[in-house]
Amino acid sequence: AGNHDQIVMKQNRNSLTQIRIFQDAATSFLVTLEQNIYPPEGLEGDDQQQHARGKALPPLSDERSDVLKDFLDLCHWALPSSWILHGHINELRNNFSTITKHRLSLQTLLDQLDRPLSSSSSTWEWSDDCKLKPSGGISGNKANSNVGDENDFGTDIGSNSAYQCGMWKFLHILSVGIVEQRSNVMGDRSRVSPSYAAWVVRDFVDMFLSDKET
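A.B. asks: Run through the overall build of the protein, naming residues and quoting values.
C.D. replies: Across its full length, the protein carries 10 helices and 0 strands. Listed N to C, the secondary structure of the protein is α-α-α-α-α-α-α-α-α-α in terms of helices and strands. Within the protein, buried positions represent 42% of all 214 residues. When the accessible surface of the protein is summed, it comes to about 11,500 Å², and 52% of that surface belongs to carbon and sulfur atoms.

A.B. asks: Go over the nonpolar core, please, and point to the residues and values.
C.D. replies: Core analysis: the largest hydrophobic core is formed by 47 residues, its most contacted members being Phe29, Ile37, Leu68, Phe71, Phe170, Leu174 and Phe204. Among the secondary structure elements, those contributing two or more residues to this core are helix H1 (2-35), helix H4 (62-78), helix H5 (84-94), helix H6 (96-99), helix H7 (103-112), helix H9 (161-182) and helix H10 (194-208). Per-element tally for this core: the top contributor is H9, with 9 residues. Once you skip the residues sitting within four places of it in the chain, phenylalanine 29 turns out to touch Phe71, Leu72, Leu85, Ile89, Met167, Phe170 and Phe204.

A.B. asks: How would you summarise the packing of aromatic side chains if you had to cite specific residues and measurements?
C.D. replies: Summed over all chains, the structure comprises 9 aromatic pairs. With a centroid separation of 6.5 Å and an interplanar angle of 35°, the aromatic rings of phenylalanine 29 and phenylalanine 204 are classed as tilted. You can see phenylalanine 29 sitting in helix H1 and its partner phenylalanine 204 sitting in helix H10, a full 175 residues away along the chain. Judged on exposure class, the residue phenylalanine 29 and its partner phenylalanine 204 are both buried. Their ring planes at 40° and their centres at 5.7 Å tell us that tyrosine 196 and tryptophan 199 sit as a pair that is tilted. Separated by 3 residues within a single helix, tyrosine 196 and tryptophan 199 lie in helix H10, roughly one turn from each other. With relative accessibility at 14%, the residue tyrosine 196 sits in the buried group. Taken together through their ring pairs, the aromatic side chains of Phe22, Phe29, Phe71, Trp83, Phe170, Phe204 and Phe208 make up a single cluster.

A.B. asks: Let's hear about the packing of H4 against H5: which residues, and what values?
C.D. replies: At a minimum axis distance of 9 Å, the contact between H4 and H5 shows a crossing angle of 145°. Seen from above, H4 lies across H5 with left-handed handedness. Every residue of H5 that contacts H4 at Leu72, Asp73, Cys75 and His76 is listed here: His86, Ile89, Asn90, Leu92 and Arg93. A per-class count over the contact of H4 with H5 returns 4 nonpolar, 3 polar and 2 charged.

A.B. asks: Which residues make up the side chain of histidine 88, and what values go with them?
C.D. replies: The topology assignment puts histidine 88 in helix H5. Among residues more than four places away in sequence, those in contact with histidine 88 are Leu30, Leu113 and Asp114.

A.B. asks: Describe in detail the side chain of arginine 103, supporting the description with residues and values.
C.D. replies: For arginine 103, the position within the fold is in helix H7. At 2.4 Å, the side chain of arginine 103 forms a polar contact with the backbone oxygen of proline 39.

Rules and cut-offs
Residues numbered from 1 in each chain as written. Predicted model: local features only at pLDDT ≥ 70, side-chain atom pairs only at ≥ 80, totals over all residues. Heavy atoms only, no water. Helix = DSSP H or I, 4+ residues; strand = E, 2+ residues; numbered from the N terminus. Buried < 20%, exposed > 50% of the residue type's maximum accessible area, 1.4 Å probe, protein only. Areas by Shrake-Rupley, 256 points an atom, 1.4 Å probe, with all protein chains shown as cover. Core = buried A, V, L, I, M, F, W, Y, C linked by side-chain atoms within 4.5 Å. Contact = heavy atoms within 4.5 Å. Phe/Tyr/Trp six-rings, centres within 6.5 Å; stacked < 30°, edge-to-face > 60°. Axes fitted to C-alpha atoms, helices over the stretch in contact; angles between N-to-C directions. Left-handed = near helix turned anticlockwise from the far one by under 90°. Nonpolar A, V, L, I, M, F, W, Y, C, P; charged D, E, K, R; others polar. Polar contact = N/O pair within 3.5 Å; in protein donor to acceptor, adjacent residues only side chain to side chain.

Any functional reading would require information that these geometric values do not contain.
The following block contains the structure:
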């Protein structure tokens, strides 16, 4: 009985760990969509004020749109279909022409999507696994709205190690999915080759997860 209880407890811990991994990954990806896809508002003025005054808001550039579309397509193909984020990505793909019209169109759609259970409607939350373990590599653009938990990580997700941790988890899940899905592809694999996937991910990271302003 004792060994059985230990096995059950280990399975439960593994299950909870997996849940936290996927929630952290989903949180960071949604934050990226909310805050990094369009250039910082400081470069274009206050979108809300422009919209209130009836001014046309700038659309997403063709370069950014192409990179985003390729990445969403890759995610839709490679990520687990049972993951709620997969459904969110499908919504973004189905409404791509709308979300690339201007920043508020994207935000409107994102507001309609369910957030991970770890987050509320007004704050983004990560698990203690990400809050307590610093991670590096991905720096992120300057954000334009609050990101963090009760300790307030501030408005720069580049200095938010929890965000970076979750984004690394997301990219790891994606890379595993690419390998697994490619093994099931019959015929021409050029569009799902490791080199093509690496190119799509690299472009996304360069465009939306680096400090450079494009």
